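Coordinate inspection notes
Chain by chain, the residues:
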Amino acid sequence: MLDIVGKRFWFLLISGALALICIILLVTFGLELGIDFSSGSILTVSFEQEVDQDQLERELAGLGYISANIERNPEGDFLIRTVELTTEEKAQLKESLAAKFGTINEKGFENVDPVIAKETARIAAIAIAVAAVGILLYITWAFRRMPSPFRYGTCGILALVFNVLVVLGVFAVLGAVLGWGINLMFITGILAVIGYSVNNTVVIFDRIRENLIKDVSADFKVVVNNSLVESLSRSFNTSLTTVLVVLALLLFVGASIQNFTVTLLIGIIIGTYSSIYVAPTLLVVWEKGEWGRLLHPAQF
Amino acid sequence: MTRKNTLYLMVILALFAFALWVILPIDSERFGREGIQLGLDLQGGVRLVYQADLSSVESGDETEVIEGVIAVIANRINPLGVTEPNIERRGTNQIVVELPMLSVTDKQKERIGRTALLKFGELTTEEEARWVNDLGSWKPATATIYGQEKELTSSYFKENTYVDRDNLGRILLVFEWNEEGSKLSEEITGRLINQPLGIFEGDESLLGDDGRPIAPIVRSKITDRGQIEGLSLHEATELSKQLNAGRLPVPLETKYELTVDPTLGADFVALGSKAGLIGIILVMLFMIIYYRLPGVLAGLALIFYGALVLAAFKLIPVTLTLAGLGGFILSIGMAVDANVLIFERMKEEFRTGRTLGAAIEAGFNRAWTAIKDSNITTFIVCGILYWVGTSIVAGAPVKGFALTLFIGVAVSMFTAIVVTRTFLRLFVGSRLAKRTSLFSPYLGRK
């Protein structure tokens with residue numbers, strides 16, 4: 001039988017390293033904020049003639065919109081993110097672009113004032129905190145009849161924090177390289193990932209509980225490993241079906257909700273990984289009181 | 001057992017037929033609901049959030065003032081021909097305006113939130129200036145009546161302002177002062193003879209058709225009526241209407257705007273449906289290839305699932321946004337999770353030597369706690385997202401996602417437990433069940 005728990009120190013070391021890299025990326029690049037949180041405008045336009053994205057970027061910079069960010073959706077519309085635009089500034093911008101690239105159609109416009117942006121950021125932060133606490137309480141409650149329910153809750157949350165860190169790390173890079181800003185859809189994606197990846201962890205914990213009750217083995221390590229291996233194909237298959245639909249969303253709907261779909265994609269994959277390799281292995285390390293050994297790779 | 005199953009099957013088929021009848025054709029009217037309600041981002045339209053400046057309002061009167069503002073905005077929106085406008089108060093001082101399925105120009109949008117309060121000003125020094133334009137620095141023109149210093153504004157106009165033309169065909173906006181206004185005007189114009197009287201709206205100068213600030217020179221004392229010259233016909237007409245009946249009691253500031261052209265929304269619906277269809281086909285293919293016959297049954301259950309969820313969206317009704325559509329599509333992928341859990345469990349039970357029938361029952365019973373426990377985490381998150389969606393200005397997509405995901409996961413639990421189980425039980429009794437390879441390529445080889 002596949003021995004995942006036996007290699008727990010390696011998996012935890014790799015995961016720890018990955019988490020560290022993501023923290024470094026986050027600290028170095030920070031997160032690019034979208035207009036939902038930092039205020040600003042997104043103007044969606046289409047041109048009748050074929051327009052090159054680089055050319056459009058240069059033209060915008062020439063007009064003084066240096067930090068403007070451009071994305072394109074599958075229909076070929078351009079989403080131009082700028083600082084807050086007044087009605088006059090928007091009219092001027094459209095006029096200048098029309099003079100350069102020909103007929104321009106405004107297909108959408110969103111403008112967020114700093115007052116609203118601040119309020120949105122505050123509520124998003126509360127939501128994430130409430131979700132984390134809620135999930136911790138729930139897992140603790142769900143495993144209340146186990147010897148140490150709080151451990152299950154904590155390991156579940158640690159795996160969760162790991163997932164969120166990896167998604168944030170990736171978005172730090174996406175923000176720095178492609179100028180993707182995190183927005184409300186990103187937060188929605190993060191929360192969906194939180195719910196979904198804990199779902200995977202709970203299924204595995206559930207199996208551990210069942211096998212403990214059945215008294216499969218006196219060794220906790222063996223119980224956990226059996227539970228993991230038994231739920232392995234379920235974990236992969238469920239994630240695969242979800243990844244399939246998310247890919248369909250990513251490819252067909254594109255720019256408007258790409259933050260959301262990319263967050264889900266990374267979150268589901270990492271969530272599956274952490275539910276198998278992080279949460280249960282942490283549980284074993286805790287049970288056996290092996291925290292010290294994590295620091296001494298020679299003893300792996 | 002078989003009779004119970006047949007009964008279940010009948011109920012399931014009846015439910016499926018009902019769901020199909022509800023959703024097909026797409027725009028049919030069922031129980032008073034016509035088609036699936038689409039959010040602003042999918043059907044196009046405008047959402048504006050204004051913040052009212054209540055600094056001049058006495059505390060306790062806020063509600064009345066905001067209600068007044070809402071009434072005025074409703075009047076201004078009427079001529080635009082929106083079928084279902086929505087105007088509501090948000091918090092203490094904000095007003096949300098939603099105009100679905102409408103293409104509006106920037107000019108029209110500006111007019112919705114316009115204060116339409118004209119203030120008159122006199123020239124002053126730079127230090128004292130409230131307004132600055134090409135003609136100089138201005139401060140509000142005031143006079144003291146009944147022992148109180150008051151600014152001269154259009155709030156003293158009688159509600160009979162109209163547009164006229166002079167002999168030369170120039171456009172005039174003609175107004176009449178009420179009692180208090182005429183006293184103020186007499187004082188002020190008497191003081192300002194041969195000097196200009198500036199006209200301002202909010203922080204801006206009132207601009208003429210030529211783009212220059214309007215500031216007539218006072219030739220004589222004005223007591224009862226006056227006229228403003230230089231506006232375009234359109235602007236003068238619009239302004240006279242708003243001055244008469246539609247003046248806002250307090251100034252508004254736009255804090256949030258979302259405008260979606262109906263064509264962009266239609267694109268999203270097309271793209272989203274395509275993504276959903278392809279997603280569902282991929283999931284079904286995977287299930288069939290991996291789980292064989294149970295996979296086919298899960299696929300059928302998935303079609304049933306889709307119809308049921310869409311019917312729920314229509315009847316509840318759920319306003320479908322792009323993110324909501326995403327939530328629905330995501331739930332398709334997640335919906336089979338319960339099936340996967342059960343099938344994996346079935347396989348295990350089968351391997352331990354149980355008969356197919358016993359394996360199916362054990363698989364369902366054992367998988368249930370995992371299905372229940374794991375979905376509750378998704379429900380918790382849906383609850384939090386719903387709260388986020390209702391608390392913030394741009395929250396409609398988040399709320400839509402929370403609702404569709406919640407409905408999707410709830411219905412998926414039902415379809416996995418009831419529908420797939422009934423299908424499988426029926427097959428156990430049939431001859432097909434003897435060919436175990438149909439249930440999994442791996443089973444026979446164990």
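Cut-offs applied
Residues numbered from 1 in each chain as written. Chains lettered and ligands numbered in written order. Predicted model: local features only at pLDDT ≥ 70, side-chain atom pairs only at ≥ 80, totals over all residues. Helix = DSSP H or I, 4+ residues; strand = E, 2+ residues; numbered from the N terminus. Buried ≥ 20, exposed ≤ 12 C-beta atoms within 10 Å, placed from the backbone. Contact = placed C-beta atoms within 7 Å. Nonpolar A, V, L, I, M, F, W, Y, C, P; charged D, E, K, R; others polar. Pairing = 2+ DSSP bridges. Expected span 1.5 Å × (residues − 1). Bend = angle between axes of the 7 residues up to and from the residue. Axes fitted to C-alpha atoms, helices over the stretch in contact; angles between N-to-C directions. Parallel < 35°, antiparallel > 145°, perpendicular 65-115°, else oblique. Domains from an automatic or database assignment. Core = buried A, V, L, I, M, F, W, Y, C linked by C-beta atoms within 7 Å.

**Some remarks on the overall build of chain A**
The helix and strand tally for chain A stands at 11 helices and four strands. Considering only C-alpha atoms, chain A reaches an extent of 80 × 35 × 35 Å along its principal axes. Going through the 300 residues of chain A one by one, you find that 49% of them count as buried. Partitioning the contacts of chain A with sequence separation of at least 6, the portion at a separation of at least 24 is 78%.

**Observations concerning the interface of chain B and chain A**
Contacts between the two partners involve 58 residues from chain B and, on the opposite side, 58 residues from chain A. Mapped by element, the contributors of at least two residues to the side of chain B that touches chain A are strand S3 (45-52), helix H4 (106-112), strand S16 (252-260), helix H7 (262-291), helix H9 (322-351), helix H10 (356-391) and helix H11 (396-428) of chain B. Counted by class, the side of chain B that touches chain A contains 35 nonpolar, 12 polar and 11 charged residues. Direction of pairing for strand S4 (residues 104-112) of chain A relative to S16 of chain B: antiparallel, over a ladder of five bridges. Considered in S16 of chain B, the bridge of Phe-109 of chain A is made with Thr-259 of chain B.

**Details of H10 of chain B**
Each full turn of the α-helix corresponds to 3.6 residues, which orients residues three or four apart in the same direction. Here H10 of chain B spans 51 Å end to end across 36 residues, near enough to the 52 Å set by a 1.5 Å rise per residue. At Ala-367 of chain B, H10 of chain B is bent by approximately 35°, the largest bend along its length.

**Things to note about unusual backbone geometry**
All names here are of chain B. Along the chain, Ile-316 connects to Pro-317 via a cis peptide bond; the corresponding omega equals -15°. Structurally, the position occupied by Pro-317 is in the loop between helix H8 (293-315) and H9. Phi at Asn-194 is positive, roughly 70°, even though this residue is not glycine. Inspection of the secondary structure puts Asn-194 in the loop between helix H5 (179-191) and strand S13 (198-201).

**Looking at the packing of helix H9 (residues 232-253) of chain A against helix H10 (residues 258-277) of chain A**
Residue and element names in this part refer to chain A. Where H9 meets H10, the closest approach of the two axes is 9 Å, and the angle between their N-to-C directions is 170°. Between H9 and H10, the interaxial angle falls into the category roughly antiparallel. For the pair H9 and H10, contact is made by Ser-235, Ser-239, Thr-242, Val-243, Val-246, Leu-249 and Leu-250 and by Gln-258, Thr-261, Val-262, Leu-264, Leu-265, Ile-268, Ile-269, Thr-272, Ser-275 and Ile-276, respectively. Looking at the contact of H9 with H10 residue by residue, the classes come out as 10 nonpolar, seven polar and no charged.

**Description of the sheet that holds strand S12 (residues 171-176) of chain B**
Residues and elements named next belong to chain B. What the three strands build is an open sheet, ordered S11-S12-S15; its pairing is antiparallel. What marks the edges here is a single partner per strand, and that holds for strand S11 (162-165) and strand S15 (225-229). Along the sheet, successive strands turn relative to each other by an average axial angle of 35°, direction set aside. Across four bridges, S11 lies against S12 in antiparallel orientation. Following the sheet pairing, Tyr-162 is matched in S12 by Val-174.

**Details of the domain arrangement of chain B**
When its domains are assigned, chain B resolves into domain 1 (2-40 + 261-438), domain 2 (45-113) and domain 3 (118-247). Domain 1 of chain B and domain 3 of chain B are separated by 65 Å when their C-alpha centres are compared.

**A short note on the sheet that holds strand S6 (residues 118-123) of chain B**
All names here are of chain B. Read from one edge of the open sheet, five strands run S7-S8-S6-S13-S14, paired in antiparallel fashion. Either end of the sheet is taken by a strand with one partner, and the two such strands are strand S7 (131-133) and strand S14 (204-205). Sheet analysis places S6 next to S13, joined by four bridges and oriented antiparallel. Paired with Leu-118 across the strands is Glu-201, a residue of S13.

**Quick word on the nonpolar core**
By size, the foremost hydrophobic cluster in this structure holds 210 residues, and its most contacted members are Leu-191 of chain A together with Leu-302 of chain B. For this core, the element with the highest residue contribution is H9 of chain B, accounting for 17 residues. Excluding anything up to four places from it in sequence, Leu-191 of chain A contacts Ala-127 and Ala-131 of chain A together with Val-381, Ile-384 and Leu-385 of chain B.

**Overview of the domain arrangement of chain A**
Residue and element names in this part refer to chain A. Segmenting chain A into domains produces domain 1 (14-34 + 116-293) and domain 2 (40-112). Between the C-alpha centres of domain 1 and domain 2 there is a distance of 37 Å. Domain 1 puts eight residues into the contact, and the matching count from domain 2 is eight residues. Split by residue class, the side of domain 1 that touches domain 2 holds four nonpolar, four polar and no charged.

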